[in-house]
Amino acid sequence: MADSTSGVAEAGADTPREQHLQLRLEIEPAKRCSCPLASPNSAVEDVHTHLDGDTCHAEVTVDDGTDSKVVHTTTSVGDDCLCRAFGEFGCVPRIRRADGRHIVVETYLSDRETISTLVGRLDEVAERVCLRRLTSDGRGDSAESKTATIDLSSLTAKQREAALIAVHHGYYETPRRTELAALAEALGISKSALSQRLNAVEAKLATAVFDAE
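Residues numbered from 1 in each chain as written. Predicted model: local features only at pLDDT ≥ 70, side-chain atom pairs only at ≥ 80, totals over all residues. Heavy atoms only, no water.

As recorded by an unreviewed UniProt entry, the chain carries the name Helix-turn-helix domain-containing protein and is attributed to Haloferax sulfurifontis.

Participant: Whenever I open this one, the packing of aromatic side chains confuses me. Can you help?
Facilitator: Within a pair of aromatic rings, the relevant descriptors are the distance that separates the centres and the angle that separates the planes. Using the criterion set out here, one finds one aromatic pair in the structure. Between the aromatic rings of Tyr-171 and Tyr-172, the centroid separation amounts to 5.2 Å while the plane-to-plane angle is 80°, which identifies the pairing as edge-to-face. Taking relative accessible area as the criterion, Tyr-171 reaches 9% and is therefore assigned buried. Its end group placed over the ring of Tyr-171, Arg-176 keeps NZ or CZ at 3.9 Å from the ring centre. (Phe/Tyr/Trp six-rings, centres within 6.5 Å; stacked < 30°, edge-to-face > 60°. Buried < 20%, exposed > 50% of the residue type's maximum accessible area, 1.4 Å probe, protein only. Lys NZ or Arg CZ within 6 Å of the ring centre and 35° of its normal.)

Participant: I keep staring at the sheet that holds strand β3 (residues 55-63) and nothing clicks. Help me out?
Facilitator: In sheet architecture, strand pairing relies on hydrogen bonds along the backbone and comes in two forms, parallel and antiparallel. Across the sheet, which stays open at both edges, the three strands sit in the order β2-β3-β4 with antiparallel pairing between neighbours. Where the open sheet ends on each side, the last strands, each with one partner, are β2 (43-52) and β4 (68-76). Shown here is a sheet whose adjacent strand axes are inclined to one another by a mean of 15°, direction ignored. (Pairing = 2+ DSSP bridges. Helix = DSSP H or I, 4+ residues; strand = E, 2+ residues; numbered from the N terminus. Axes fitted to C-alpha atoms, helices over the stretch in contact; angles between N-to-C directions.)

Participant: What is the right way to look at helix α3 (residues 157-168) in this model?
Facilitator: Spacing of three or four residues puts side chains on the same side of an α-helix, whose turn is 3.6 residues. Look at α3: 16 Å from first C-alpha to last across twelve residues, which is about the 16 Å you get at 1.5 Å a residue. Along α3, the positions that sit buried rather than exposed are Gln-159, Arg-160, Ala-162, Ala-163, Ile-165 and Ala-166. The first or second residue beyond α3 is Gly-170, which carries a positive phi of 80°. (Expected span 1.5 Å × (residues − 1).)

Participant: Explain the nonpolar core here, please?
Facilitator: A general tendency of soluble globular proteins is for nonpolar side chains to be buried together. Judged by nonpolar contacts, the single largest core of 30 residues is most densely connected at Ile-27, Leu-37, Phe-86 and Leu-122. Those elements that place two or more of their residues in this core are β1 (21-29), β2, β3, α1 (82-87), β5 (94-98), β6 (103-109), α2 (113-125) and β7 (126-136). Top contributing element to this core by residue count: α2, with five residues. The residues contacting Leu-122, other than those within four sequence positions of it, are Leu-25, Ile-27, Leu-82, Ala-85, Phe-86 and Val-129. (Core = buried A, V, L, I, M, F, W, Y, C linked by side-chain atoms within 4.5 Å. Contact = heavy atoms within 4.5 Å.)

Participant: Honestly, α2 in this entry has me stumped. Any pointers?
Facilitator: Of the residues making up α2, those classed as buried are Thr-114, Ile-115, Ser-116, Leu-118, Val-119, Gly-120, Arg-121, Leu-122 and Val-125. Buried positions along α2 lie against β1, α1, β6, β7 and α3.

Participant: Explain the pattern of salt bridges here, please?
Facilitator: Pairing is possible between side chains that carry opposite charge, provided their charged atoms lie close to one another. In total, this model carries eleven salt bridges according to the counting rule given. The closest approach of N and O atoms between Glu-26 and Arg-97, which form a salt bridge, is 3.9 Å. Of the two residues, Glu-26 is situated in strand β1 and Arg-97 in strand β5; the sequence distance between them amounts to 71 residues. A residue is classified by how much of its surface remains accessible, and Arg-97, at 36% relative accessible area, is partly exposed. (Salt bridge = Lys/Arg side-chain N within 4 Å of Asp/Glu carboxyl O.)

Participant: Honestly, the side chain of Thr-178 in this entry has me stumped. Any pointers?
Facilitator: For Thr-178, the position within the fold is in the loop between α3 and α4 (180-187). In contact with Thr-178, not counting residues within four places along its chain, are His-169, Gly-170, Tyr-171 and Leu-183.

Participant: Could you clarify how one ought to interpret the packing of α3 against α4 in this entry?
Facilitator: Where α3 contacts α4, the axes come no closer than 11 Å and their chain directions differ by 130°. Overall, the two elements α3 and α4 adopt an arrangement that is oblique. As α3 runs across α4, the sense of the crossing is right-handed. Contact residues: Glu-161, Ala-162, Ile-165 and Ala-166 in α3; Leu-183, Ala-186 and Leu-187 in α4. Each residue belonging to the contact of α3 with α4 can be placed in one class, and the counts come to six nonpolar, no polar and one charged. (Parallel < 35°, antiparallel > 145°, perpendicular 65-115°, else oblique. Left-handed = near helix turned anticlockwise from the far one by under 90°. Nonpolar A, V, L, I, M, F, W, Y, C, P; charged D, E, K, R; others polar.)

Structural data, given as structure tokens:
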């Protein structure tokens, strides 16, 4: 994994972009994952990484229960590297926690359209990906700046799965790119069950947004 100091994506001469969206993702690494954070020996406090071709150099600050120390690792990585997946979208992942089961990552994006694509890409290289929190400063949507944080922890795993696949397949786009029946078939559930899950998601998100005002 890489953080703000790693420079995973090459800087080049791209025009700087304002990143209006902050994502917090909980990632369960694939069993084949070569990332040293997939199975740390101690609690991870901080991470700095640099991806050089197929080699990942990492300095990981860990707490072994008595003291903190910095451990340097050099690992060969392949197409299953999470850093590389983030870098494909120009994202700089920041590691917030790694406990041997999950890696919690924060990153920034400039538009909502990229969220489902990024999560879909991470799904290809990870065992499971959950979007835990989405924070927007509002400037990407209107002239009026307003910060809104949506805590997704209240959603069940089935509700998050339903919402993710609905967004990924364009169910909430105008016009829609897919229908409820197709999504229900992909999930192996009935249309009514999927409709109930999506309604629950929409109600919880709407309440989270407007109760915070």
